[in-house]
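Spelled out from the first residue to the last, the chains are:
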Amino acid sequence: PGLFAFMTQRDREVKAHLKRVRPGACLLYLSLTVLTLISFLWVNPPDKEYYCRLGVFETLGNSGSVAFEEIRSEEQIWTWLEESVAAQFFTNTSELRQANLLLGNLKVWVQRVRSPSNSKCPHRVPTDIACLDQDYDKWSASSIDQEALKTYWNSVDGLDGRINGTRPWQYLSPEQGAARGLFGETATLKHYDSSGYLLAYDLQYLDLEGQYKAFLADLAQLKWTNWLSERSRSLQVAFSAYNPNYDFWVLGWFMLELPANGIVFPFFDTGLYRGIYQASTDIGLESLVVDIIRFVLIFLVLFYEAQWQARFKMRKVVSDEGPKSSWWSIFWYCASWRGLCDLGCSATFLAIFFERYVTGAFRALNDVEESTLQTIYKKSTLDAFRSNVLAEAVLFGFGSFRLLSLFQLNRTAYVIWKTLGMAVRRYIRFLLVLGPLLVGFILLAQTVWQSDSPLYRSFWVSSTSVFMALLGDSNSITVDSATRPITTVYLLVFYSSLSLLCINTWIAVLVHEYQVTRVTAGFRQSDYAWGEYQYASWLLPGPCLRGVYLRLRPGARLAKDGEAKANAEG
């Protein structure tokens with residue numbers, strides 16, 4: 001800051017912010033934050049989801065001779081299907097069936113690209129060489145029927161638990177696949193749509209022994225007709241279940257990606273859902289009551305607290321710059337971080353409330369719970385639940401942030417809050433230079449290690465790895481023999497320039513702003529310490545303060561005046 005600025009800093013008796021902190025606002029945001037935390041824990045209870053997901057993965061992923069995560073070839077895929085999948089789904093004593101109620105259908109579908117041709121090869125490749133499409137999409141998808149499989153399947157269609165009308169020899173478009181319960185999802189390498197060749201079995205079929213033999217016979221026929229081949233780009237297995245021990249509905253999804261390099265990439269995901277939004281259940285009624293209370297609180301935030309803050313800001317602007325319109329005050333407040341936080345709270349909760357009780361996004365699962373349990377919710381229901389849980393977490397973040405801003409009533413909290421705000425504003429200017437430099441390091445890292453490490457296979461993944469290295473994660477950058485020289489140079493330049501520069505610049509800005517704020521807004525914090533009378537004046541309205549408190553505590557004001565006089569003399 002310079003010696004002159006440092007020596008001439010003085011306490012400016014910063015107290016105007018105290019008028020913005022009111023007891024009603026503290027109670028409002030505290031209630032909203034606590035109720036949001038309660039709602040989040042109801043929807044997403046701790047520990048349960050992890051163990052429910054782990055049970056599904058362990059039973060299907062590690063119950064056979066080939067572990068799911070260790071699958072690297074087509075032959076291992078068939079072994080996993082014949083051993084783990086067949087035993088867990090079609091055996092009454094399997095661990096999966098013992099712990100879960102399997103519902104709906106077991107779906108197995110494969111996605112294939114078109115036949116190889118020379119037109120798919122680069123121009124320099126000789127004409128006698130044929131190439132395959134690298135990626136699976138709507139342009140490269142194969143839609144040719146498998147006649148050899150068609151003959152077999154027509155003779156067994158609808159028998160031994162096979163879903164009637166399923167045609168694993170016939171291509172299903174994304175629209176047809178979605179109608180059959182397939183869904184698109186993003187795995188390790190890319191996003192896959194809901195198209196493909198589908199094989200489906202009824203998980204509520206009574207003769208499991210016969211269904212087990214039928215499934216193995218189907219796998220043998222599929223293997224003989226090359227249902228999986230070098231043209232395959234993915235094989236997916238999906239099912240639905242209910243775990244009564246944890247009260248979770250489960251959508252299990254196992255994917256095996258088969259890129260054109262001949263290696264298999266296993267990917268597993270489980271979606272879990274709790275159907276608590278039913279007024280007929282105790283927890284559903286409690287959740288509805290909590291949401292109604294939060295709706296009232298959000299109404300107060302949007303139409304009372306935000307309006308009061310806008311008028312307060314308007315009074316300050318008028319005193320500094322002259323009269324302004326009321327619309328200007330509302331715009332000025334909405335552009336501030338307090339206004340953005342209040343708008344974020346309101347928009348997030350209204351989205352939660354609308355999705356739960358207006359659109360009927362959870363109606364499908366509620367109908368299932370109240371009926372025969374023969375069908376299961378769709379992927380859209382799971383996506384709605386996940387977005388609802390995420391929105392609850394975002395709402396809790398907005399509420400907590402707004403509540404913490406009211407802690408500025410305490411002088412130490414105000415100094416810390418003000419320091420962080422000013423430091424961020426000043427540091428943004430440095431990012432105009434450091435940002436492009438950081439992008440350059442990300443592109444260089446992707447160029448050097450994208451063929452050796454999956455942590456740098458794309459720009460966004462490389463960005464995450466470089467940020468982790470910037471924070472000190474040594475595992476993000478590994479020295480390989482093929483890239484040892486450039487890795488050494490990269491690490492030296494990266495840590496000596498960008499890492500030290502970014503971190504030390506932030507520390508310098510933070511220390512400088514803390515010094516300025518500490519002196520100008522509370523050098524001697526005892527001068528700003530509140531006594532009994534100040535807290536009573538802040539908490540109690542005027543009539544209660546004059547009519548009740550001062551009669552019960554007549555010496556409180558005298559103690560305040562005597563303390564102020566002692567501070568002045570000191």
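Procedures and definitions
Within each chain, residues carry numbers counting from 1 in the order of the written sequence. Under the rules for a predicted model, residues below a pLDDT of 70 receive no local features and side-chain atom pairs below 80 are neither given nor counted, while totals for whole chains, interfaces and linings still include all residues. Note that the side-chain values use all heavy atoms of the structure and ignore hydrogens as well as water. Helix numbers and strand numbers start at the N terminus; a helix is a DSSP run of H or I with at least 4 residues, a strand a run of E with at least 2. The classification of residues rests on relative accessible area computed with a 1.4 Å probe and restricted to protein chains. Under 20% of the type maximum is buried, over 50% is exposed, and intermediate values are partly exposed. Whether two residues are in contact is decided by their heavy atoms, any of which lying within 4.5 Å being enough. Surface accessibility in these figures is a Shrake-Rupley result with a 1.4 Å probe; residues are shielded only by whichever protein chains are displayed. Cavity means a closed set of points on a 1 Å grid over the protein atoms alone, one where a 1.4 Å probe fits but cannot get out, pocket means an open set with protein on both sides within 12 Å along at least 5 of 7 lines, and lining means a residue has an atom within 4 Å of a point. Grid points are joined across faces, edges and corners, and a volume is the space filled by probe spheres set on the points. Gly is placed with the polar residues, together with every amino acid not listed as nonpolar (Ala, Val, Leu, Ile, Met, Phe, Trp, Tyr, Cys and Pro) or charged (Asp, Glu, Lys and Arg). Here, the term nonpolar core denotes a set of buried Ala, Val, Leu, Ile, Met, Phe, Trp, Tyr and Cys residues that are joined through side-chain atoms within 4.5 Å. A pairing counts as a salt bridge when a side-chain nitrogen of Lys or Arg comes within 4 Å of a carboxyl oxygen of Asp or Glu. For every element, the axis is a line fit to its C-alpha atoms; helices are fit only across the contacting stretch, and the angle between N-to-C directions ranges from 0 to 180 degrees. Roughly parallel refers to an angle under 35 degrees, roughly antiparallel to one over 145, roughly perpendicular to one between 65 and 115, and oblique to any angle outside these ranges. Strands pair, by our definition, only if DSSP identifies at least two bridges between them. Disulfides are defined as pairs of cysteine sulfur atoms found within 2.5 Å of each other. A pair of aromatic rings is counted whenever rings of Phe, Tyr or Trp (Trp by its six-membered ring) have centres within 6.5 Å, and the orientation is called stacked for planes under 30 degrees apart, edge-to-face for over 60 and tilted otherwise. Consider the ring centre and the ring normal. A charge sits over the ring if Lys NZ or Arg CZ is within 6 Å of that centre and within 35 degrees of that normal. By definition, any crossing whose near helix is turned counterclockwise from its far helix by less than a right angle is left-handed, and any crossing with a clockwise turn is right-handed. Contacts described as polar in this section are N or O atom pairs within 3.5 Å, which, within protein, must combine one atom able to donate a hydrogen with one able to accept it, while residues neighboring in sequence count only if both atoms come from side chains. Values of pLDDT, ranging from 0 to 100, describe the predictor's confidence in every residue of the model.

Considering the overall build of the protein chain
Logical step 1: A tally of regular secondary structure across the protein chain gives 19 helices and seven strands.
Logical step 2: Looking at the 570 residues of the protein chain, the share that counts as buried comes to 43%.
Logical step 3: If you take every contact in the protein chain between residues at least 6 apart in sequence, the share linking residues at least 24 apart comes to 69%.
Logical step 4: Taken as a whole, the protein chain presents about 29900 Å² of accessible surface, with 61% of it coming from carbon and sulfur.

A closer look at empty space enclosed by the protein
Logical step 1: Per the stated rule, a full pass over the model turns up two cavities of 30 Å³ or more.
Logical step 2: A volume near 60 Å³ is recorded for the largest cavity.
Logical step 3: Every residue along the wall of the largest cavity is listed here: His17, Arg20, Val21, Gln309, Arg338, Arg402, Ser405, Leu406 and Gln408.
Logical step 4: Taken together, the residues of the lining of the largest cavity sort by class into two nonpolar, four polar and three charged.

A short note on the nonpolar core
Logical step 1: Residues Phe89, Leu106 and Phe239 are the most contacted members of the largest nonpolar core, which totals 50 residues.
Logical step 2: A per-element tally of this core places helix H4 (residues 74–89) first, with seven residues.
Logical step 3: One finds Tyr29, Leu32, Val290 and Ala391 within the second-largest nonpolar core, a separate group that totals 21 residues.

Some remarks on the pattern of salt bridges
Logical step 1: One pass over the full model with this rule turns up 14 salt bridges.
Logical step 2: The partner of Asp291 in a salt bridge is Arg294, with the nearest N and O atoms 2.7 Å apart. Taken together, the residues span about one helical turn, with Asp291 and Arg294 both in helix H9 (residues 282–321) at a distance of three residues.
Logical step 3: Since its relative accessible area comes to 1%, Asp291 is described here as buried.

Some remarks on the packing of H4 against helix H8 (residues 208–224)
Logical step 1: H8 packs onto H4 with a crossing angle of 170 degrees between their chain directions and a minimal axis gap of 10 Å. Comparing their axes, H8 and H4 come out roughly antiparallel. On the side of H4, the interface is formed by Glu75, Trp78, Leu81, Glu82, Val85, Ala86, Ala87 and Phe89, while H8 contributes Leu208, Tyr212, Phe215, Leu216, Leu219, Leu222 and Lys223.
Logical step 2: Of the residues assigned to the contact of H4 with H8, the class counts are twelve nonpolar, no polar and three charged.

Considering the pairing of strand E7 (residues 265–273)
Logical step 1: Across the nine residues of E7, seven count as buried, placing the element largely inside the fold.
Logical step 2: Of the pairings in the sheet, the one linking strand E6 (residues 248–257) to E7 comprises nine bridges and is antiparallel in character. From the neighbouring strand, Val250 faces E7, where its bridge partner is Leu272.

What about the state of the cysteines?
Logical step 1: Counted according to the given criterion, the structure contains one disulfide.
Logical step 2: Between Cys121 and Cys131 runs a disulfide, and the two sulfur atoms are separated by 1.9 Å. Taking the sign of the S-S torsion, 110 degrees for the link of Cys121 and Cys131, the bridge is right-handed. Of this pair, Cys121 sits in the loop between strand E1 (101–112) and helix H6 (147–156) while Cys131 sits in the loop between E1 and H6; the two residues are ten residues apart in sequence, bridging distant segments of the chain. No difference in accessibility class separates Cys121 from Cys131, as the two residues are buried.

Observations concerning the packing of aromatic side chains
Logical step 1: Scanning the model with the defined rule gives 33 aromatic pairs in all.
Logical step 2: Ring geometry for Phe349 against Phe353: centres 5.9 Å apart, planes inclined by 45 degrees, an arrangement best described as tilted. Taken together, the residues Phe349 and Phe353, both in helix H11 (residues 337–357) and four residues apart, mark about one turn of the helix.
Logical step 3: Taken together, a centroid distance of 5.2 Å and an interplanar angle of 45 degrees make the contact between Trp449 and Tyr456 tilted. Both residues of the pair, Trp449 and Tyr456, count as buried.
Logical step 4: An aromatic cluster is built from Phe441, Trp449, Tyr456, Tyr490, Phe494 and Tyr495, whose rings are joined through pairwise contacts.
Logical step 5: Above the face of the Trp308 ring, Arg22 is positioned so that its terminal group lies 4.0 Å from the ring centre.

Some details on the environment of Gly24
Logical step 1: Looking at where Gly24 falls in the secondary structure, it is placed in helix H2 (residues 23–43).
Logical step 2: The exposure class assigned to Gly24 is partly exposed, which follows from its relative accessible area of 47%.
Logical step 3: In the structure, Gly24 is positioned 515 residues away from Leu539 in sequence and 9.0 Å away in space, judged by C-alpha atoms.

A word on the packing of helix H14 (residues 411–449) against helix H15 (residues 459–470)
Logical step 1: Where H14 meets H15, the axes come as close as 9 Å, and the angle between the chain directions of the two elements is 110 degrees. On the basis of the axis angle, H14 is roughly perpendicular to H15. Note on packing geometry: the crossing formed by H14 with H15 is right-handed. From H14, Leu438, Val439, Ile442, Leu443, Ala445 and Gln446 reach across to H15, where they touch Phe459, Ser462, Ser463, Val466 and Phe467.
Logical step 2: Looking at the contact of H14 with H15 residue by residue, the class counts come to eight nonpolar, three polar and no charged.

Quick look at the side chain of Ser195
Logical step 1: Looking at the secondary structure, you find Ser195 in the loop between strand E3 (191–192) and strand E4 (197–202).
Logical step 2: Under the relative-accessibility criterion, Ser195 is labelled buried at 0%.
Logical step 3: A polar contact is formed between the side chain of Ser195 and the side chain of Tyr136, at a distance of 2.7 Å.
Logical step 4: Here Asp193 takes part through its side chain, which lies 2.6 Å from a polar atom of the side chain of Ser195.
Logical step 5: Here Ser195 is in contact with Trp109, Gln111, Tyr136, Tyr171, Leu172, Ser173 and Pro174, once residues within four sequence places are set aside.

Some points on the confidence of the model for the protein chain
The predicted coordinates ought not to be read in detail in places where the model reports low pLDDT.
Logical step 1: Per-residue confidence for the protein chain gives a mean pLDDT of 81, with 82% of residues at or over 70.
Logical step 2: Residue range residues 364–377 is modelled with pLDDT below 50. Its contacts to residues more than four positions away, or to other chains, number 31 contacts.
Logical step 3: Contacts of residues 561–570 to residues separated by more than four positions or lying in other chains number two contacts, the stretch itself having pLDDT below 50.

Let's talk about the sheet that holds E6
Logical step 1: The strand order across the open sheet built from five strands is E4-E1-E5-E6-E7, with neighbouring strands paired in antiparallel fashion. Lying at the two open borders of the sheet, with one neighbouring strand each, are E4 and E7. Strand-to-strand twist in this sheet, taken as the mean axis angle between neighbours without regard to direction, amounts to 15 degrees.
Logical step 2: Pairing between E1 and strand E5 (residues 232–243): nine bridges, direction antiparallel. By the bridge assignment for E5, Gln111 is matched with Ser234.

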